[in-house]
Amino acid sequence: MSAISLESRRSLFNTAMLLNLTLFLLLGAMWLGLALSTDTFWTANNITNLFRQTALLSVIAIGQTVVIITGGIDLSVGAMVGFSSVIVSLMLKAGYPIPVAVGATLALGAIVGLYHGFAIRRLGIPPFIITLSSLSVLTGAGLLLTGGSTISGLPPEFTSFSRGSFAGVPNLFWMVIVVAVPIYLLLNHTAVGRHIFAVGSSPEAARLSGINVDRTVYLVYAISSTLAALTGVLTASRISIGLATTGMGWELQSIAASVIGGASLFGAIGGVAGSLLGAMALTTINNGANLLNVNPFWQQIITGLLIVVIVYFDQLRRTRR
Amino acid sequence: MNIAVGGDPVVETSTDDLLRLEAVDKRFAGTHALRSIHLDFRQGEVHAIVGENGAGKSTLIKILTGAYVRTGGRILWKGREVALTTPKEAHALGIHAVHQEMMLCPHLTVAANLFLGEEKTSNGFMRSSEMSRAAQRAIDDLGFDLDARSLLSSLSIGRQQLVAAARAALHGSSLIIFDEPTAYLTRGETDQLFALIRRLKASGVTVVYISHRMEEIFELGDRVSVLRDGNLVSTRNICDTNPAQLVTDMVARPVGDAHHKEAIEIGEPLLSVEGLSGQGFHDISLSVRRGEIVGLFGLIGSGRSEFARALFGRTRVSAGTINKSGAPLDARNEADAIRAGIALIPESRRHEGLCMGLDVRSNLSLANLPQLTRFGFIDSSQERRDAADWIKTLRIVTATDRIPVGHLSGGNQQKVLIGKWLYHGADLYIFDEPTVGVDVATKAEIYRTIAGLLRQGAGVIVISSYLPEVYDLADTLHVFRRGTIVTTHRFKAASQDEILANAIGT
């Protein structure tokens, strides 16, 4: 075998870093552009707002990325956000203490995730189909429980959380750190994380190496659904209501954030940092379009086209190998 | 649609060669798959090609059908030089292949498959009933007992093969390659296929017939060519040869390539299997002792790999017992087998052996994470040091341990795969086709690694469909045919001809 070419010297890990760097610069350029072209962007109020919006999307995008690394997808996260905002609101209205209501809602999220794992591994239902089914079921269940209306009058201790801040950083952004750091460690420094990448790369090779593929798949869907439930709780706190349709379309936003951040829908590639950058980029486009008085419908078009461009470049890199 | 014969009206040329290969050569990174092949295919002949697995038959087919681009030599079609570098060009010339693996759409009907890509339409709408009738006429005409309206997936594999053959026959081919066409056919279906082949031949079509089955070659063929290790050994008229001569051509080997087996003392029993049956194999009894190489030889589908998989807990056994180091072993999954000290180095590196997108380091440690983990966290400095050690010990050629393993050559990938199990440690190693797609130098290193394992008291099972490999390595050689062991030989107690004949069943 001849000497390793320069091409293969550039490992996947470096390209991932390169992509993240590009995204970071793109984000910086967007921020600079917006700061110069509007006098409303670079204000304490708007930046705080931007971070709050990013926070909610980041949490579900991180969960989505974990699933995508195994080569799966979770279409139910948006519906789960709405459903869990309803559950936590109903429980709070019924007088349960905040920790109990929040804990029960997160546990419900985990159960839904385990059910997805069960359906995929035991019943042989593809991830796309089973989570699409849950999208429908959870939205329907949320609407049924509330009769389609909003639940308001949540306790002020609950709603003040998302408005507050700690050590000068908004509480919601602390939540991102609380989620991102452990998931980063899980993916990159634990055996479980290595199993997640191995299953996404080749389930058969993972299996023949003695890895429990079933357990890995159960875990990633549980993580994704639990983080979606957490996002639902935070959303209820932020907008002070429980509403079954509040997370509509967020599943696509989370997939977009994950993919823009470098995750591959074929599995085995993706990371926490990319998901955060992806979520930030999407939110910035959103925020910037509002400030520039761009028709909000354009935001969706821009997001869609951005996905095509980024995934096309990713594809180029792959096929050139 | 009628049977179109020979593409265009037959133009008399000075030669009756339809297709002629001159010094055709094919190299891959690390392997020389075809070495300067000179071969001609005459109009209207059935030309059989035989050779062991790895002799270069598949590569030859892929060059003829434009799937591979040759790295040297000329190809002449009816006396004119052609490029033949794309499947499209092969189709345009009238070269079609009926492959072992189906190239049809199982969810469509027989008729739809026959017309695939050439659907009859009017104003953009498909004329389904017309196609259905035309297909049925063509099928009846060929003498096949098939309903054109049935879904392809509802047919047996054998009948699907007949549909594939019909498709090639109906598309105006002038040269049709049949690759092991009877592997899944019943006797009746084989007769129908043979009738079709004779008919094609009578109408001037050239048939290239690849098979392991001697009786078929002598029944159908006009000439036969033998490939061995990428070389064309002989081309003979069928009437001037006999099966024994062909087998000799297939197995004779250049002297310089011989592998010298090390003398290693054989110790106590490690594994004993009694009457084991399961999916794809039945009634297997064998034992492996420490320091012993047990070879399992058989053609693809003979049950040897299926048996190994069951031993490793990948599939369930339906009957029989396994004893490992004196204790009964009931491996419910791979993790159980690994805990019992068994390691499987599977045949397909790409699909089963390695995570191609992950780096060398991660692949090496994949089976060994429990030993590297403290409180769930991987000790990455230990992992890095260990990876460096294995890369050095096995002489894996890679710039760093962070390169995706898919970027390495086949031989180095195989070393990573073996390294993964050496790192983990086991006392029974199962190697399934350990040297497929591996260059000669790496092959020797792999054999040395195996010898090292034996000296440490491990037992080894080597599975191969390449006879010289197991012949030179195995202390005990079991020959598989149709899911069971047909004969067992001690080291070099039988000739290669005899063993190959056992496996083929002549």
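Criteria and thresholds
- Residues numbered from 1 in each chain as written.
- Chains lettered and ligands numbered in written order.
- Predicted model: local features only at pLDDT ≥ 70, side-chain atom pairs only at ≥ 80, totals over all residues.
- Helix = DSSP H or I, 4+ residues; strand = E, 2+ residues; numbered from the N terminus.
- Buried ≥ 20, exposed ≤ 12 C-beta atoms within 10 Å, placed from the backbone.
- Contact = placed C-beta atoms within 7 Å.
- Rg over C-alpha atoms; globule rule 2.2 N^0.38 Å.
- Nonpolar A, V, L, I, M, F, W, Y, C, P; charged D, E, K, R; others polar.
- Pairing = 2+ DSSP bridges.
- Axes fitted to C-alpha atoms, helices over the stretch in contact; angles between N-to-C directions.
- pLDDT = per-residue confidence, 0-100.
- Parallel < 35°, antiparallel > 145°, perpendicular 65-115°, else oblique.
- Arc of directions from axis to C-beta.

Remarks on the overall build of chain B
For step 1, the next point in the chain: Scanning chain B from terminus to terminus reveals 18 helices and 24 strands.
For step 2, the next point in the chain: For the C-alpha atoms alone, the extent of chain B along its principal axes is close to 70 × 50 × 50 Å.
For step 3, the next point in the chain: Across the 506 residues in chain B, those meeting the buried criterion constitute 46%.
For step 4, the next point in the chain: Looking at chain B alone, contacts between residues at least 24 apart form 70% of all its contacts between residues at least 6 apart.

Quick look at the overall build of chain A
For step 1, the next point in the chain: Within chain A, the secondary structure is distributed over 14 helices and two strands.
For step 2, the next point in the chain: Computed over the C-alpha atoms, the radius of gyration of chain A is 20 Å, within 12% of the 20 Å expected from 2.2 N^0.38 for a compact globule of 321 residues.
For step 3, the next point in the chain: Projected onto its principal axes, the C-alpha positions of chain A cover 70 × 55 × 35 Å.
For step 4, the next point in the chain: Counting only residues that meet the buried cut, chain A has 46% of its 321 residues in that class.
For step 5, the next point in the chain: Sequence separation of 24 or more characterises 78% of the internal contacts of chain A that already satisfy a separation of 6 or more.

Quick word on the interface of chain A and chain B
For step 1, the next point in the chain: At the interface, 26 residues of chain A touch 33 residues of chain B.
For step 2, the next point in the chain: Elements with a contribution of two residues or more to the side of chain A that touches chain B: helix 1 (6-9), helix 2 (12-37), helix 9 (191-201) and helix 10 (203-208) of chain A.
For step 3, the next point in the chain: Among the elements that take part in the side of chain A that touches chain B, helix 9 of chain A stands out by supplying six residues, more than any other.
For step 4, the next point in the chain: Its residues assigned to classes, the side of chain A that touches chain B shows 13 nonpolar, nine polar and four charged.

Examining the sheet that holds strand 10 (residues 206-210) of chain B
All names here are of chain B.
For step 1, the next point in the chain: Strands sit in the order 6-9-10-3-11-12 across an open sheet of six strands; the sheet is mixed. The open sheet has two free edges, formed respectively by strand 6 (95-98) and strand 12 (231-237), since each of these has just one partner strand. Sheet twist, expressed as the average angle between the axes of neighbouring strands with direction ignored, equals 20°.
For step 2, the next point in the chain: Bridging between strand 3 (residues 46-50) and strand 11 (residues 223-228) involves four bridges; their strand directions are parallel.

Quick word on unusual backbone geometry
All names here are of chain B.
For step 1, the next point in the chain: In this structure, Ser-325 is a non-glycine residue whose phi angle is positive, near 50°.
For step 2, the next point in the chain: Relative to the assigned elements, Ser-325 resides in the loop between strand 16 (317-324) and strand 17 (327-328).
For step 3, the next point in the chain: A positive phi angle, close to 50°, is found at Arg-482, a residue other than glycine.
For step 4, the next point in the chain: Looking at where Arg-482 falls in the secondary structure, it is placed in the loop between strand 23 (476-481) and strand 24 (484-490).
For step 5, the next point in the chain: Looking at Arg-482, the number of C-beta atoms within 10 Å reads 13, which means it is partly exposed.

Some points on the confidence of the model for chain A
For step 1, the next point in the chain: Looking at chain A, pLDDT values average 89 and 93% of them are 70 or higher.
For step 2, the next point in the chain: Below pLDDT 50 for its whole length, residues 1-12 of chain A participates in 19 contacts with residues either more than four positions away or in separate chains.

Quick word on the pairing of strand 4 (residues 72-77) of chain B
Residue and element names in this part refer to chain B.
For step 1, the next point in the chain: Judged from the five bridges that link them, strand 1 (residues 17-28) and strand 4 form a sheet pairing that is antiparallel. Following the sheet pairing, Glu-22 is matched in strand 4 by Arg-74.
For step 2, the next point in the chain: For strand 4 and strand 5 (residues 80-82), the ladder comprises three bridges, and the chain directions are antiparallel. Looking at the pairing, Trp-77 lines up with Arg-80 of strand 5.

Thoughts on the environment of Ala-289 of chain A
Residue and element names in this part refer to chain A.
For step 1, the next point in the chain: Within the secondary structure, Ala-289 sits in helix 13 (residues 272-291).
For step 2, the next point in the chain: C-beta crowding within 10 Å serves as the criterion here: with 19 such atoms nearby, Ala-289 is assigned to the partly exposed category.
For step 3, the next point in the chain: Distance in space between the C-alpha atoms of Ala-289 and Leu-172 is 23 Å, their sequence separation being 117 residues.
For step 4, the next point in the chain: Apart from the residues lying within four places of it in its own chain, the contact partners of Ala-289 are Val-294, Pro-296, Trp-298 and Gln-299.

Re the sheet that holds strand 23 of chain B
All names here are of chain B.
For step 1, the next point in the chain: Overall, mixed pairing links the six strands, which are arranged 18-21-22-15-23-24 in an open sheet. This sheet does not close on itself; its edge strands, each paired only once, are strand 18 (342-345) and strand 24. Here the average twist between neighbouring strands, direction ignored, is 20°.
For step 2, the next point in the chain: Those strands touched by helix 18 (residues 496-504) are strand 15 (293-297), strand 23 and strand 24, and its axis lies near 35° from that of strand 23.

Re the packing of helix 8 (residues 243-251) of chain B against helix 18 of chain B
Residues and elements named next belong to chain B.
For step 1, the next point in the chain: Here helix 8 crosses helix 18 at 110°, and the two axes come no closer than 10 Å. Compared by their axis directions, helix 8 and helix 18 come out roughly perpendicular. Along its contact with helix 8, which presents Val-247, Thr-248, Met-250 and Val-251, the element helix 18 presents Gln-496, Asp-497, Leu-500 and Ala-501.
For step 2, the next point in the chain: Looking at the contact of helix 8 with helix 18 residue by residue, the classes come out as five nonpolar, two polar and one charged.

So, the packing of helix 9 of chain A against helix 11 (residues 213-239) of chain A
Residues and elements named next belong to chain A.
For step 1, the next point in the chain: Two elements in contact, helix 9 and helix 11, have axes separated by 10 Å at closest approach and are oriented at 100°. Judged on the interaxial angle alone, helix 11 and helix 9 are roughly perpendicular. Contact residues: Val-192, His-195, Ile-196 and Val-199 in helix 9; Val-213, Thr-216, Val-217, Leu-219 and Val-220 in helix 11.
For step 2, the next point in the chain: Each residue belonging to the contact of helix 9 with helix 11 can be placed in one class, and the counts come to seven nonpolar, two polar and no charged.

As for helix 8 of chain B
For step 1, the next point in the chain: For helix 8 of chain B, every residue scored as buried is listed here: Leu-246, Val-247 and Met-250 of chain B. The buried side chains of helix 8 of chain B occupy one side of the element, clustering within an arc of 100° when seen end-on.

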